Amino acid sequence: MFAVGAGIPIVGVVLLLVGETNEALVPADAASTDVALQAIQAPQLATMLPSFSGGAARSAPVPTVPPTAITADEPISASAIIEPESAPEPVDFDLLELVVNRGDSLDALFRRNGLRIADLASMLELEDAAEHLRKLMPGDQLQVTRRGDQVLSLQREIRDDAILAITRNDTGYEAREIEREIEIRIVGRHGVIKSSLFEAGMAAEIPDAVIMGMAGIFQWDIDFIQDVRVDDRFTLLYEERWREGEMLGTRSILAAEFVNRGTIHRVARYTDPNGGSDHYTPDGRSVRKAFVRAPVEFTRISGSFNPNRRHPILNTIRAHRGVDYAAPTGTPIIAAGAGKISHRGPNGGYGNAVIIQHGDNITTLYAHMSRFAKPKRGDRVKQGDVIGYVGQTGLATGPHLHYEYRVNGVHRNPRTVELPAAEPVPAQFRNEFDNTAAVLWRQLDAFQSAWVARVANN
Ligand SMILES: [Zn+2]
């Protein structure tokens, strides 16, 4: 561009004219370079300045000048020195793309690339940055600019909608999060079952995770292994997350309909002003029960509820007051329902156990855990929160979850006990739910008729 070409020699003049003063090192912001600007009566000046302020040199995150170059009596900030006209070119830093290998630490990455370890130490002192720097997974990428062994900037993606950017300034490093825009698209899909639910999902171009999500929503009313028939059909509205033209993944199912052997099941997702969120039927009931039958993904039931069972280790008649779900060590165990953790720790033959109090009269117990998850005694948990991991601590012959369900202190069979329904839409939000859901029903219906019409035309 002309402006840039014309600008560079003039900068030379500017520097020459005021070369002995510190102001020469001050940026080209008009106000701070009065002396220099007055010295040039060039009409090009007007065109020169904007081109610099938008020029490539400015975007280079370059901080310091060698200490010997600073002879000022008063301290000069490093950021003042880096501005374009004092260092127009060449760009004297490199951009490195660091890729994390298995077993890599940041320290190792820095050493391998000849970067200053002291710079890493300074960055790790940044509260906002440290946690994001420490969590490294194989395949993660970090973009580093450096001059010599000095790190000028470091960037990494910390979420799909945010980048952590650490830059060097005159006092050290500073960290900030740069947001990336995510677009949410609502997608409608319709599937008809010919052989299996997953085949139907694939034919309708629905990701497995969404099909699983739908099966999870309707699991309380439909047994997807036993009950599903050929020509059962479903319609889904769900959210996709997009960034810069790339689909990142799917999010909530907003509304769903499943027609199982002629019976229509419909739900809409609703989040009330208190933050409670669930899938509800058109009359405002939750589709869920307050408890899941099996709070772990199990391979088989290795021990049934049996008041007269011979104990496998003690070899005596001893009631088996729960259900044993065999699963590999480390399989997550979830809270069967919402409640408060009343016990978390070793408990005799139960080994590592968690007890959850649900309302006034129901407790659930989870035994033989290899380890606990985050929630502590006294914490509130929601249905589905992970509370621990399968193990075989205490009296156990192999890794499994021993699960008990007690009503008013009396053990009941978790496989057959009648489970209470989850809370409906809170009464005070019922109108708002009706209005919100009405929009979703309309969208669901419109999508369905459009799909039917398209099939009819083909
Ligand atoms: Zn057991």
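Owing to the predicted nature of the structure, the values given are computational and were not obtained by experimental measurement.

Trainee: What is the right way to read the confidence of the model for the protein from this model?
Mentor: In low-pLDDT segments, the atomic positions of the prediction should not be examined closely. Averaged over the protein, the pLDDT score is 81; the fraction of residues at 70 or greater is 78%. The model gives residues 1–85 a pLDDT under 50, and that stretch makes 90 contacts with residues more than four places away or in other chains.

Trainee: Whenever I open this one, the environment of Ala373 confuses me. Can you help?
Mentor: In this fold, Ala373 is placed in the loop between strand 17 (371–372) and strand 18 (380–381). The sequence separation of Ala373 and Ile334 amounts to 39 residues, and the corresponding C-alpha distance is 9.5 Å. Non-local contacts of Ala373, meaning those with residues more than four positions away in its chain, are made with Val386, Ile387 and Gly388.

Trainee: Hey, could you run me through the environment of Ala367 in this one?
Mentor: Along the chain, the position of Ala367 falls in strand 16 (residues 362–369). The contact partners of Ala367, leaving out residues within four places of it in the chain, are Tyr350, Gly351, Ala353, Gly394 and His402.

Trainee: For this particular structure, what's the right way to read the sheet that holds strand 7 (residues 233–243)?
Mentor: The strands that make up a sheet are held in pairs by hydrogen bonds between backbone atoms, and each pair lies either parallel or antiparallel. Ordered by their spatial adjacency, five strands build an open sheet running 6-7-8-9-10, and the pairing between neighbours is antiparallel. Either end of the sheet is taken by a strand with one partner, and the two such strands are strand 6 (183–192) and strand 10 (277–280). Geometrically, the sheet is characterised by an average inter-axis angle of 25 degrees between neighbouring strands, direction not taken into account. Relative to strand 9 (residues 263–271), strand 8 (residues 246–260) runs antiparallel, the two being bridged by six bridges.

Trainee: In this structure, what is going on with the pairing of strand 9? I would like to understand it.
Mentor: Taken residue by residue, a regular strand's side chains alternate between the two faces of the sheet. Following strand 8, the chain reverses through two residues before pairing antiparallel with strand 9; Arg261 in that reversal takes a positive phi of roughly 50 degrees. Where strand 9 meets strand 10, four bridges bridge the pair, whose relative direction is antiparallel. Bridging from a neighbouring strand, Ala268 pairs with Tyr280 of strand 10. Where strand 9 hands over to strand 10, the hairpin turn is made up of five residues, of which Gly275 adopts a positive phi near 95 degrees.

Trainee: So what exactly am I meant to see when it comes to the sheet that holds strand 3 (residues 150–159) here?
Mentor: Across the sheet, five strands lie side by side as 1-2-3-4-5; this open sheet has antiparallel pairing. The sheet terminates laterally at strand 1 (94–99) and strand 5 (172–179), the two strands that pair on one side only. Put simply, the sheet's adjacent strands are angled 20 degrees from each other on average, direction ignored. Where strand 1 lies against strand 2 (residues 141–147), six bridges are found, and the strand directions are antiparallel. Note that in strand 2 the partner of Glu97 across the bridge is Gln143.

Parameters and conventions
Residues numbered from 1 in each chain as written. Predicted model: local features only at pLDDT ≥ 70, side-chain atom pairs only at ≥ 80, totals over all residues. pLDDT = per-residue confidence, 0-100. Contact = placed C-beta atoms within 7 Å. Helix = DSSP H or I, 4+ residues; strand = E, 2+ residues; numbered from the N terminus. Pairing = 2+ DSSP bridges. Axes fitted to C-alpha atoms, helices over the stretch in contact; angles between N-to-C directions.

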